[in-house]
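Read off the chains here:
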Amino acid sequence: MNDVICMYLFVINIIGFFTMGIDKAKAKMKAWRIPEKTLLGIAVAGGGLGVWLGMETFRHKTKHWYFKYGVPVILIVEIVAILYFME
């Protein structure tokens, strides 16, 4: 796979992971939150693994059905796409 694509996927997944952690910390402090559409957007943009790992690590958004089921579906689609487009 192209090095640029690999780097992009690495960075977007790191962003997804830490964004979930930041939002969980903000939730605990009752501070301004990161919109759910932003969190899901990061997952759709290739950060499905990072968002899912963030959900599990920080126990965040795991009761919302669209995160509980949606993020794993997004991740599966991303994995299938990566496998399909691999050289």
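Above: the structure in question.
Below is a short write-up of the structure. As a convention, each chain's residues are numbered from 1 in the sequence order in which they are written. Selection of residues for local features in this predicted model requires a pLDDT of at least 70, selection of side-chain atom pairs for listing and counting requires 80 or more, and totals for whole chains, interfaces and linings are taken over all residues. The side-chain figures draw on all heavy atoms in the structure; neither hydrogens nor water molecules are used.

## Observations regarding the pattern of salt bridges
1) Next: A pairing counts as a salt bridge when a side-chain nitrogen of Lys or Arg comes within 4 Å of a carboxyl oxygen of Asp or Glu. Under the criterion given, the structure shown has 3 salt bridges.
2) Next: Between Asp 23 and Arg 33 there is a salt bridge, with its nearest N and O atoms 3.0 Å apart. Of this pair, Asp 23 sits in helix H1 (residues 3-28) while Arg 33 sits in the loop between H1 and helix H2 (36-58), and the two are 10 residues apart along the sequence.
3) Next: Burial classes follow relative accessibility: with a 1.4 Å probe on protein chains only, a residue under 20% of its type's maximum area counts as buried, one over 50% as exposed, and anything between as partly exposed. Residue Asp 23 is classed as buried on the basis of its relative accessible area, which comes to 0%. Working definition: helices are DSSP H or I runs of at least four residues, strands are E runs of at least two. Numbering for both runs from the N terminus.

## Section: the side chain of Lys 61
1) Next: Locating Lys 61 in the fold gives a position in the loop between H2 and helix H3 (65-68).
2) Next: For Lys 61, a relative accessible area of 10% gives the class buried.
3) Next: Once residues lying within four places of it in the same chain are set aside, the contact partners of Lys 61 are Met 20, Asp 23, Arg 33, Glu 36, Leu 39, Met 55, Phe 67 and Lys 68. Contacts between residues were defined by any pair of non-hydrogen atoms, one from each residue, lying within 4.5 Å.

## Some remarks on the nonpolar core
1) Next: What makes a nonpolar core is a set of buried Ala, Val, Leu, Ile, Met, Phe, Trp, Tyr and Cys residues whose side-chain atoms join them at distances within 4.5 Å. Grouped together as the largest cluster of nonpolar side chains are 11 residues: Ile 12, Met 20, Ile 34, Leu 39, Ile 42, Ala 43, Val 51, Met 55, Phe 67, Val 71 and Ile 74.
2) Next: Listed by contribution, the elements that provide at least two residues to this core are H1, H2 and helix H4 (70-85).
3) Next: Among the elements that take part in this core, H2 stands out by supplying 5 residues, more than any other.
4) Next: Apart from the residues lying within four places of it in its own chain, the contact partners of Met 55 are Met 20, His 60, Lys 61, Thr 62, Phe 67, Lys 68 and Val 71.

## So, the packing of aromatic side chains
1) Next: Pairing of aromatic side chains here covers Phe, Tyr and the six-membered ring of Trp, requires ring centres within 6.5 Å, and sorts the geometry by plane angle: under 30 degrees stacked, over 60 edge-to-face, intermediate tilted. In this structure the tally under the stated criterion is 5 aromatic pairs.
2) Next: Between Tyr 66 and Phe 67, the ring centres sit 5.5 Å apart and the planes meet at 50°, which makes this aromatic pair tilted.
3) Next: Grouping aromatic residues by their ring pairs yields a cluster made of Phe 17, Phe 18 and Phe 58.

## Focus: H2
1) Next: An ideal rise of 1.5 Å per residue puts 33 Å on 23 residues; H2 reaches only 16 Å between its terminal C-alpha atoms.
2) Next: Across the chain, bend at a residue is computed as the angle between axes fitted to the seven residues ending at that point and the seven starting from it. Along H2, the sharpest change in direction is near 135° and occurs at Gly 47.
3) Next: Buried residues of H2: Leu 39, Ile 42, Ala 43, Gly 46, Gly 47, Gly 48, Gly 50, Val 51, Gly 54 and Met 55, and no others.
4) Next: Where the residues of H2 are buried, they touch H1, H3 and H4.
5) Next: Looking one or two places after H2, you find Arg 59, whose phi comes out positive at around 50°. By this rule the span expected of a helix is its residue count minus one, scaled by 1.5 Å.

## Notes on the packing of H2 against H4
1) Next: A fitted line through C-alpha atoms serves as each axis, taken over the contacting stretch for helices, and the angle formed by two N-to-C directions is quoted from 0 to 180°. Contact geometry of H2 with H4 gives a least axis separation of 8 Å together with a crossing angle of 115°. Judged by the inter-axis angle, H2 sits roughly perpendicular to H4. In this structure, the crossing between H2 and H4 has a hand that is left-handed. Residue-level contacts link Leu 40, Ala 43, Val 44, Gly 46, Gly 47, Gly 48, Leu 49, Val 51, Trp 52 and Met 55 of H2 to Val 71, Pro 72, Ile 74, Leu 75 and Glu 78 of H4.
2) Next: Each residue is assigned to one of three groups, with Ala, Val, Leu, Ile, Met, Phe, Trp, Tyr, Cys and Pro labelled nonpolar, Asp, Glu, Lys and Arg labelled charged, and all others, Gly among them, labelled polar. By residue class, the composition of the contact of H2 with H4 is 11 nonpolar, 3 polar and 1 charged. Should an angle fall under 35 degrees it is taken as roughly parallel, and over 145 as roughly antiparallel, whereas 65 to 115 is taken as roughly perpendicular and any remaining angle as oblique. For any helix crossing, the convention is left-handed if the near helix is rotated counterclockwise from the far helix by under a right angle, and right-handed if that rotation is clockwise.

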